[in-house]
Amino acid sequence: MRSLKVSDVMWNHIEPIRCGTPLTKVVKALLANHVSGLPVVDDHRRVLGFVSEQDCIHSLLVSSYHCEGDPIVDDVMFRAPVTVTPEMAIVDLAQNLGAGKPKVYPVVDHERLVGIVTRTAILAQLAKAGCAMDLPKFAETE
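Residue positions are counted from 1 within each chain, in the order its sequence is given. Note on the predicted model: pLDDT of at least 70 is required for a residue's local features to be given, and 80 or more for side-chain atom pairs to be given and counted; whole-chain, interface and lining totals, by contrast, use all residues. Water and hydrogen atoms were dropped before computing side-chain values, which therefore reflect all heavy atoms in the structure.

Please clarify how the pattern of salt bridges should be interpreted in this entry.
Here the idea is simple: oppositely charged side chains can pair when their charged atoms come close. When a carboxyl oxygen of Asp or Glu lies within 4 Å of a side-chain nitrogen of Lys or Arg, that pair is called a salt bridge. Taken as a whole, this structure holds three salt bridges when the rule is applied. Across the pair D42 and R46 runs a salt bridge whose closest N-O atoms are separated by 3.0 Å. Assessed through its relative accessible area of 37%, R46 is described here as partly exposed. When accessible area is computed with a 1.4 Å probe and restricted to protein chains, residues below 20% of their type maximum are described as buried, those above 50% as exposed, and intermediate ones as partly exposed.

In structure tokens:
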């Protein structure tokens, strides 16, 4: 299990959000990809921020109420996202997960986004590799 790395379970097929993207397009991307958040990148795929469902809900609610038009991702993104490297061990990342921690991590290599890793992917890998998953409920006595 220790030899599994983030690169083994990351998704690299999801297109990141670009600065200046209207929030309605961000929401469509979140829903289409079935993720709770996505990294925001510049033209060189450097991670500048992170936008979550929660960020979008609040901003769209406020802008709709005040008839302010469509906000852009730059207005709501979190500007100091936690990133991980492709070489990070899954076990190390799993030990850092918990309440209040991100559900989606941008994976960065040489300052460029190469993918994302989700809690769900980590959970699935842990369950797949778990040694104690098929043990009987009660220990046999001799």
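There is more to say, and it comes next.
How do you make sense of helix α2 (residues 23-33) when you look at a structure like this?
Secondary structure elements follow DSSP: runs of H or I no shorter than four residues count as helices, runs of E no shorter than two count as strands, and numbering proceeds from the N terminus. Residues of α2 that are buried: L23, V26, A29 and L30. Summarising the axial view, the buried residues of α2 lie within an arc of 115 degrees, below the 170-degree limit, and thus occupy one face. Exposed side of α2, more than 90 degrees from the buried face: K25, K28, L31 and A32 are the residues found there. Whether two residues are in contact is decided by their heavy atoms: any pair within 4.5 Å suffices. Each element contacted by the buried residues of α2 is listed here: β1 (17-18), β2 (37-41), β3 (47-52), α3 (53-65) and α4 (73-76). Of the residues flanking the end of α2, it is H34, one or two places downstream, whose phi is positive at about 55 degrees. Each C-beta atom gives one direction from the helix axis, and the arc is the one those directions make.

What should I look at first to understand the layout of surface pockets in this one?
Empty space among the atoms becomes apparent when a probe as large as a water molecule is rolled across them. Cavity means a closed set of points on a 1 Å grid over the protein atoms alone, one where a 1.4 Å probe fits but cannot get out, pocket means an open set with protein on both sides within 12 Å along at least 5 of 7 lines, and lining means a residue has an atom within 4 Å of a point. Grid points are joined across faces, edges and corners, and a volume is the space filled by probe spheres set on the points. The space that makes up the largest pocket amounts to roughly 380 Å³. Taken together, 16 residues form the lining of the largest pocket, with F50, S52, K101, P102 and K103 sitting closest to its centre. Listed by contribution, the elements that provide at least two residues to the lining of the largest pocket are β3, α3 and β4 (104-109). With three residues, the single largest contributor to the lining of the largest pocket is α3. A class-by-class count of the residues in the lining of the largest pocket yields seven nonpolar, five polar and four charged. Side-chain classes follow a simple rule in which Ala, Val, Leu, Ile, Met, Phe, Trp, Tyr, Cys and Pro form the nonpolar group, Asp, Glu, Lys and Arg form the charged group, and the remainder, Gly included, forms the polar group.

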